[in-house]
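Secondary and tertiary structure notes
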Amino acid sequence: MCPSSYSSSHHDTCSSLPRLSLDGDYIVGGLFQLHEKYGGTGPATDTENRKPEVLQCHRFKFSSASYQQIQVMRFAIEEINNSTLLLPGVSLGYEIFDYCSDLLSYGAALEFLTQKGRGAIPVWNGTNYRPKVISVTGPFGSSQTISVAPLYMSEMIPMVSSDSWGNKCPTELKKQISLLFRTIPSDKYQVESIVRILQQFNWNWVAFIGGDNDYSRDALTVFQDKIRPANICLAYQDTIPQNQSLIGRLFNNIAMFNVQVIVVFANVEFVIPFIQKAIDLRVKEKIWIASETWSMNQELIKKSQIERIGTVLGVTVRRHKDLRGFDEFINNTVKSRHENDPTYSFVIYSAVYAVAHALHNVLRCGTRNCANSEFIAYPYMALKHVKFKLDNQSIEFDENGDPPAHYDIVHWDLVFKGLITDAGLFHSDILSCSYFLQAPVLQCSSECKSGSRRVQTGFHTCCFECEICSDGKYINHTADPYSCIACQKDEWARNGSTSCTKRSIEYLHSDAPLAIFLMFQASSIILISMAILSAGGRLCFFMLCCLSMSSISVFLHIGKPTEAICTVRNSVFVVFYVACLSCLAVRSFQIVCIFKMAAKLPKAYDFWVKHGGQWITIITTTVIMLFLCILWITIEGPKPNQITLYSEIILDCTYGVIPIFYVIVLFAYMGTDLPKNYNEGKSITFSLLIFFISWVISLTVHLSTKGKHTLSVNPFSVLCSLYGILFGYFFPKCYIIIITPERNTAAYFQTAIQSYTLQPR
């Protein structure tokens, strides 16, 4: 183990680890990748053919970004020491190592565990052991963090990093102890912001390209989990090979899968050769989504012919202005200047201040001194509860040691190279992106039209054909775009519907014009019947009363049918109309008797007249019909009936057949050859024909058509039947009584009978 006082020469193993240090009451450790492994002695693509050689940090590529972060850490500590507001009377020091690789830099990581003032790591017995550092900032990268974190966890040394760590640290290490803190959001939020960008522009056919490290692999795992519920398909995913000659294969596959949106989630050392290959292969008009590791890279945006590759949108941590006083600090302390990135400057700056604020709380510092200055403080006691403002930004950690997720969405202006413009924000699970007022459609299959379902054609759910939903079904694209759902029994839908509509309930409403017309006609029958009661004797009076009672059934067709209404309306019509028809049957029989039986069978005719044969027949027929109605209702009478049609439900009643009608027709037919000057037989025949025709039409309509207009067919048939008797039987009587009274005499009737009986046969 190298002592803490070694020099920074490069002549032995220890000196191959350059170190910056500043003594203080409390030492903050720093591990920064000042020299990057990729891009050092020879290109990374030649690692398979290189000769074995001793690895030394200075042989790798110098990282100006890490150099800047080191200077920011020095600046923050010296700024805190020069102020009495945070740690009055207490000084902070630092010890910073170049963590260029796990193999070379493990000694530097162990150096932080040496006991302060002794330069060695003792066997800890639980007392009197104070590690050299109170916290460690860095290293950058989840793999490096995982390799050294267990060392510090065992000694309760918190790590406050400016790295997002990928996802392995929270899942593997934080289950044991929560001493990992970071001032940059977790990569899972970065992945979520990228998925939200894809959702915002409705891009669901994408490729994911990563590097050969945990940063990319962890991001891919989260990406696959996030895109499933977002209906985004991963058409192709691959890793950028270190051998640049193999990169072209990736672009061949991207072209084969017809992918236009490429998410490149990799460290910049992987991205640079990948983008260069895209330029060399003349890859055009693609949408590139950049992770925060390269979204702000100035080297890439200034490459020749970069504008050919298409559009670049990127995600970066919240950008900040330059730190006040930092340029002056650099001018006074550093001979050479390097490019300054304010974003990563601030995350290092806030990491150091988080440790200082934790010390401030543990030492109970005021404005002049710290009450517990003699107390051996360990900032892990207070880091979990740190919350403070730094340059008008709130710094705090959640239960996982993560800060609030806040990203800027940037757009590369490739026409004016080097210009990166703001395109939106992602904060607390909400994306606000103003770029692409009308985004291009980049999907495997175009979205189905409204009312059509997707029929998956391959492995990916984003590739599908469209099939229109049939009648009676609808589709809810939000809940399930692949299934047509059947409507409920009381609902309907046309083909290609996105929702069902309640079927309208149809019946004859009392305020409908048709219902008013029917009620008016039924009322007219009653009034006319009352007006012509003097047209005949008791039989006519009984028939007119039956007609009036039958017309009441028309009123029972109006309104919503119930079981009671269905029973009454059919029964009233059947019983009273049959009674009326039985009167016509008796009248027809009487005519036959007068003209045919009176001369041949005078005794039978006298018996019929003297014993009230007509009333016995009428009463018997009516009673039989009443009995049949009661039997009909008891066994299976008329009931409300729902007829479900396309867009409506018809409420109606079932009804039966009137068998006695055929007997009446037979009697009526027997009177067709009666004398021409006696027209009552012909009037009865005419009335029955109207009845027959109207009910044939009614039955035909009911059997052949369905709809709300069929509701009026039954009451119309009732009215036609009643008007047939009224006009066919009673109006001729009225005509004789009023217009030709000379024919309404007993002498005229006797003359007609005698003329008929004396005719030769």
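Reading the values: the criteria
Residues numbered from 1 in each chain as written. Predicted model: local features only at pLDDT ≥ 70, side-chain atom pairs only at ≥ 80, totals over all residues. Heavy atoms only, no water. Helix = DSSP H or I, 4+ residues; strand = E, 2+ residues; numbered from the N terminus. Buried < 20%, exposed > 50% of the residue type's maximum accessible area, 1.4 Å probe, protein only. Areas by Shrake-Rupley, 256 points an atom, 1.4 Å probe, with all protein chains shown as cover. Axes fitted to C-alpha atoms, helices over the stretch in contact; angles between N-to-C directions. Parallel < 35°, antiparallel > 145°, perpendicular 65-115°, else oblique. Contact = heavy atoms within 4.5 Å. Nonpolar A, V, L, I, M, F, W, Y, C, P; charged D, E, K, R; others polar. Expected span 1.5 Å × (residues − 1). Core = buried A, V, L, I, M, F, W, Y, C linked by side-chain atoms within 4.5 Å. Disulfide = S-S within 2.5 Å. Polar contact = N/O pair within 3.5 Å; in protein donor to acceptor, adjacent residues only side chain to side chain. Left-handed = near helix turned anticlockwise from the far one by under 90°. Salt bridge = Lys/Arg side-chain N within 4 Å of Asp/Glu carboxyl O. Pairing = 2+ DSSP bridges. Phe/Tyr/Trp six-rings, centres within 6.5 Å; stacked < 30°, edge-to-face > 60°. UniProt positions renumbered as here; feature names shortened; annotations may be inferred.

Observations concerning the overall build of the chain
A count of helices and strands for the chain gives 21 helices and 27 strands. In the chain, which comprises 761 residues, the share counted as buried stands at 50%. Split by element, the accessible area of the chain, about 37000 Å² in all, is 57% carbon and sulfur.

Examining the packing of helix 1 (residues 64-81) against helix 10 (residues 326-333)
A packed helix pair is summarised by two numbers, namely the angle formed by the two axes and the spacing between the axes. Packing of helix 1 against helix 10 leaves a shortest axis separation of 10 Å and a crossing angle of 105 degrees. It follows from the interaxial angle that helix 1 and helix 10 lie roughly perpendicular. Across the interface between the two elements, Gln68, Gln71, Val72, Arg74, Phe75 and Glu78 from helix 1 touch Phe326, Phe329, Ile330 and Thr333 from helix 10. Of the residues that constitute the contact of helix 1 with helix 10, the class distribution is five nonpolar, three polar and two charged.

Comments concerning helix 13 (residues 513-531)
Counted at 1.5 Å a residue, the expected span for helix 13 with its 19 residues is 27 Å, and the 27 Å between its end C-alpha atoms agrees. Taken residue by residue, helix 13 has Ala515, Leu518, Gln521, Ala522, Ser524, Ile525 and Ser529 as its buried positions.

Considering the nonpolar core
Core analysis: the biggest nonpolar cluster contains 83 residues, and Met73, Leu87, Leu92, Trp203, Phe223, Ile289 and Tyr349 have the highest contact counts within it. It is helix 11 (residues 342-362) that contributes the most residues to this core, 14 residues altogether. Here Ile289 is in contact with Ile194, Ile197, Trp203, Val261, Ile262, Val263, Val264, Trp294 and Leu313, once residues within four sequence places are set aside.

Concerning the state of the cysteines
Applying the stated rule across the entire model yields seven disulfides. What pairs with Cys365 in a disulfide is Cys370, and their sulfur atoms sit 1.9 Å apart. Residues Cys365 and Cys370 are joined through a disulfide that is right-handed, its torsion about the S-S bond being 95 degrees. Grouping residues by exposure puts Cys365 and Cys370 together as buried. A sulfur-sulfur distance of 2.0 Å marks the disulfide that ties Cys444 to Cys463. With the S-S dihedral at roughly 110 degrees, the linkage between Cys444 and Cys463 falls on the right-handed side. In this pair, Cys444 is assigned in the loop between strand 18 (430-433) and strand 19 (452-456) and Cys463 in the loop between strand 19 and strand 20 (464-468), connecting sequence segments 19 residues apart. With no disulfide of its own, Cys540 lies closest to Cys583 among cysteine sulfurs, the gap being 8.9 Å. Owing to a relative accessible area of 6%, Cys540 belongs among the buried residues under this scheme. The thiol of Cys580 is not disulfide-bonded; the next cysteine sulfur, from Cys546, is found 6.0 Å away.

As for the side chain of Arg182
Within the secondary structure layout, Arg182 lies in strand 8 (residues 180-182). Among the residues examined, Arg182 registers a relative accessible area of 0% and is labelled buried. Engagement of the side chain of Arg182 in a polar contact is seen with the side chain of Asp402, the distance being 2.5 Å.

Comments concerning the packing of helix 5 (residues 187-200) against helix 6 (residues 214-227)
Where helix 5 contacts helix 6, the axes come no closer than 9 Å and their chain directions differ by 45 degrees. One way to sum up the angle between helix 5 and helix 6 is to call them oblique. As for the relative orientation of helix 5 and helix 6, their crossing is right-handed in sense. Across the interface between the two elements, Asp187, Lys188, Gln190, Val191, Glu192, Ile194, Val195 and Leu198 of helix 5 pack against Tyr215, Ala219, Val222, Phe223, Lys226 and Ile227 of helix 6. Considered class by class, the residues forming the contact of helix 5 with helix 6 number nine nonpolar, one polar and four charged.

Here we look at the pattern of salt bridges
Counting across every chain of the model gives 14 salt bridges. Its salt-bridge partner being Arg249, residue Asp238 comes within 3.0 Å of it at the nearest N-O pair. With a gap of 11 residues between them, Asp238 in strand 10 (residues 233-239) and Arg249 in helix 7 (residues 247-256) connect regions that are remote in the sequence. Judged by relative accessible area, Asp238 falls into the buried class, the value being 17%. Among the residues examined, Arg249 registers a relative accessible area of 40% and is labelled partly exposed. Here the salt bridges share partners, and the residues they tie into one network are Glu95, Glu111 and Lys132.

Points about the pairing of strand 14 (residues 387-390)
What you see with strand 14 is a clean split: Phe388 and Leu390 sit on the buried side and Lys387 and Lys389 on the side with no burial. Sheet analysis places strand 14 next to strand 15 (residues 393-396), joined by four bridges and oriented antiparallel. Considered in strand 15, the bridge of Lys387 is made with Glu396. Where strand 14 folds back on strand 15, the antiparallel hairpin that results is connected by two residues, among which Asp391 adopts a positive phi of roughly 50 degrees.

Section: the sheet that holds strand 27 (residues 648-653)
Taken in spatial order, the three strands line up as 25-27-26 in an open sheet, and their pairing is mixed. Whereas interior strands pair on both sides, the edge strands pair on one side only; in this sheet they are strand 25 (504-506) and strand 26 (640-644). The average undirected angle you get between the axes of adjacent strands in this sheet is 25 degrees. Pairing analysis gives three bridges linking strand 25 to strand 27, with the strands arranged parallel.

Comments concerning the packing of aromatic side chains
The full count for this structure, using the stated rule, is 22 aromatic pairs. Seen in terms of ring centroids, Phe181 and Phe397 are 5.3 Å apart; in terms of plane orientation they differ by 65 degrees. Their pairing is edge-to-face. With Phe181 in strand 8 and Phe397 in the loop between strand 15 and strand 16 (406-413), this residue pair connects regions lying 216 residues apart in the sequence. Residue classification places Phe181 among the buried residues on the basis of a relative accessible area of 2%. Given a relative accessible area of 9%, Phe397 falls into the buried group. Measuring from centroid to centroid gives 4.8 Å for Phe201 and Trp203, while their planes differ by 35 degrees, and the two rings are tilted. In this structure, Phe201 and Trp203 share a single accessibility class: buried. An aromatic cluster of at least three residues, connected via ring pairs, comprises Phe75, Phe326, Phe329, Phe346, Tyr349 and Tyr353.

Quick word on the UniProt feature "transmembrane region" (unreviewed entry) in the chain
In this numbering, the UniProt entry assigns the feature "transmembrane region" (unreviewed entry) to residues 512-533, 540-559, 571-595, 615-635, 655-672, 684-704 and 716-738. Between the end C-alpha atoms of residues 540-559 the distance is 32 Å, and the span holds 80% helix and 0% strand. Structurally, residues 615-635 is divided into 100% helix and 0% strand, and its ends, taken at the C-alpha atoms, are 30 Å apart.

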